[in-house]
Amino acid sequence: MRKNNVYIETYGCQMNVADSEVVMGILQNNGYAFTDQPDNADVILLNTCSIRDNAEQRIYGRLGNLKKYKDDHPGLVLGVLGCMAERLRKDLIEEKKVVDIVIGPDEYRRLPEFIDHAFAGEKGIGVKLSKTETYDDIIPYREDGLSAWISVMRGCDKFCTFCVVPFTRGRERSRSLSSIVDEIALLSKRGFREVSLLGQNVNSYYDEAGYDFADLLAAAAMVDRKIRIRFTTSHPQDLSDKLLYTIAGHPNLCNYIHLPVQSGSNRILELMNRTYTIEHYLDLIDRARNIIPGVSFSTDIISGFPTESLEDHLMTLDVMNKVRYDGAYMFKYSPREGTKAFRMEDDVDEETKTKRLQQIIDLQQRISAEINNALTGTTDIVLVEGFSKKSEQFMSGRTDTNKVVVFPAMDSISPGDYVRVKIIKSTSATLFGDNPEIVDKYQPSEKLTA
Ligand code: SAH
Ligand code: SF4
Ligand code: F3S
């Protein structure tokens, strides 16, 4: 019997989730099938992340315990894909004897060939980065569902001094607008209700026909008004007014912008090579709030970047108080070999990093709770995802501002419906709604007049 059962595990950001679907698309075209159990797999693939040291440590741990599958199943091929493949290359094969193939993000088309060679006992490394590969013509393998991810661009040219992504993903390049629109049309036929357009900096999207990201969003929004469109991530340097007006102009473009600030101190932002000042950033937030009433924001923050003083840290808390983000992803600085910041001294001690991070987390929780609490009594539209985690008497879904809402289940309501609910209480993480009513037209902006 041909060995063709593949098990794939995905770590890291949503780009990796989307890439795993591209990988599965490529493997399926080559006669492979998929299993969700490593026990009966002929090929185990880990799609990996290098963003912080703890991300890599988790994967090393996992490689350690996958060794038992190899012991039980000689001939099993174990592959490392994604960002760690690019960063560690042959170390992975030389030091981690369990690994057979190492394939970086731009070499997935060659995966079937590498797997065949590995079945024949030949280990392989494919880590060349490409200036043009976008996998434009590959139809990703997707289970039926409500939400889909689509990578619209790859790579990053920003070179923030702390970040490995420009090294693991290579140069920026965009897929064509028409291929993305076609893919959304296919998802619409299959009943999907939400599409997230992905890129490390979607604002640099620019395709060969000269369309920018605002053009892409407008075209994506027109495919099916019942599909709501999200996007991530935007870099504050080049988020244009055209983009803001486009979001404001289409009901199914979510009123939600993930806009990583990283630090509140101009001195640190400069050391990070973020290329904007806090004044520019706050002005952008004001413009967005004026152009898109009700828009919500989330952000990324790093605590303890080299030379960060108490004063710098307080400036970060100050920006959080000024913007009042709906949510934040918050991290301790982790030095990454090969980056510019790696050559700066990692001089904020662990205890201080942890303490500052905790203050950032506490402040964000308080702000999220206050923002959510103020929503009591308003109504909003929720895309129903299914039963709530805790009980089948409740269902849950998200608002277009990406907030989770839990509300009473009803026989007439199914996943994929849009319902209008009245918010009756909240925590920092969840809203609770009542009186769910199905709406057939998606009009999230009506919450503004509630
Ligand atoms: N392209 C996105 C970020 C992708 S990485 C952007 O520029 O907004 C996601 C987040 O991980 C970053 O925003 C940053 O906050 C964090 N991050 C990246 N490198 C890091 C490092 N070396 N240490 C700690 N956090 C890091
Ligand atoms: Fe990394 Fe900066 Fe690029 Fe984001 S914009 S992926 S943080 S280099
Ligand atoms: Fe990680 Fe690579 Fe994404 S480093 S965050 S998987 S681009």
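Residues numbered from 1 in each chain as written. Chains lettered and ligands numbered in written order. Predicted model: local features only at pLDDT ≥ 70, side-chain atom pairs only at ≥ 80, totals over all residues. Heavy atoms only, no water.

## Some thoughts on the sheet that holds strand 13 (residues 296–303)
Next up, step 1: Taken in spatial order, the three strands line up as 12-13-14 in an open sheet, and their pairing is parallel. Of all the strands in the sheet, just strand 12 (256–258) and strand 14 (327–332) have a single pairing partner and so form its edges. Within the sheet, the average angular offset between the axes of one strand and its neighbour, ignoring direction, is 10°. (Pairing = 2+ DSSP bridges. Helix = DSSP H or I, 4+ residues; strand = E, 2+ residues; numbered from the N terminus. Axes fitted to C-alpha atoms, helices over the stretch in contact; angles between N-to-C directions.)

## Quick notes on the sheet that holds strand 18 (residues 418–426)
Next up, step 1: One closed barrel holds the five strands; their spatial order is 15-16-17-19-18, and the pairing between them is mixed. Averaged over all pairs of adjacent strands, the angle between their axes in this sheet comes to 50°, without regard to strand direction.
Next up, step 2: Pairing between strand 15 (residues 379–387) and strand 18: five bridges, direction antiparallel. Across the sheet, residue Asp380 finds its bridge partner in strand 18, namely Val421.

## So, the site of ligand 3
Next up, step 1: By nearness alone, every residue bordering ligand 3 is listed as Cys13, Asn16, Thr48, Cys49, Ser50, Ile51, Cys83, Val165, Arg169 and Gln200.
Next up, step 2: Of the residues contributing to the shell around ligand 3, the split by class is five nonpolar, four polar and one charged.
Next up, step 3: Counting contributing residues per domain, the shell around ligand 3 is built from domain 1 (5–126) and domain 2 (142–254), each supplying no fewer than three. (Near = heavy atom within 4 Å. Nonpolar A, V, L, I, M, F, W, Y, C, P; charged D, E, K, R; others polar. Domains from an automatic or database assignment.)

## Some remarks on the confidence of the model for the chain
Next up, step 1: Overall, the predicted model of the chain reaches an average pLDDT of 94, with 98% of residues at or above 70.
Next up, step 2: Under a pLDDT of 50 for its full length, residues 445–450 has, in the predicted model, ten contacts with residues more than four places off or in other chains. (pLDDT = per-residue confidence, 0-100. Contact = heavy atoms within 4.5 Å.)

## Notes on the packing of helix 9 (residues 241–249) against helix 11 (residues 278–291)
Next up, step 1: In contact at an axis separation of 9 Å, helix 9 and helix 11 are set at 30° when each is read in the N-to-C sense. With respect to helix 11, the element helix 9 is oriented roughly parallel. By crossing handedness, the relation of helix 9 to helix 11 is classed as right-handed. The segment helix 9 lies against helix 11, with Asp241, Leu244, Tyr245 and Ala248 engaging Arg287, Ala288 and Ile291.
Next up, step 2: Its residues placed into classes, the contact of helix 9 with helix 11 shows five nonpolar, no polar and two charged. (Parallel < 35°, antiparallel > 145°, perpendicular 65-115°, else oblique. Left-handed = near helix turned anticlockwise from the far one by under 90°.)

## Observations concerning the pairing of strand 17 (residues 404–408)
Next up, step 1: Two elements, strand 16 (residues 394–398) and strand 17, share five bridges in a ladder whose sense is antiparallel. Its bridge partner being in strand 17, Met395 is matched across the sheet by Phe407.
Next up, step 2: Once strand 16 ends, the chain turns through five residues before running back antiparallel as strand 17, passing Asn402 with a positive phi of about 70°.
Next up, step 3: One ladder, built from three bridges, connects strand 17 with strand 19 (residues 430–439); its direction is parallel. Bridged to Val405 within strand 19 is Leu431.

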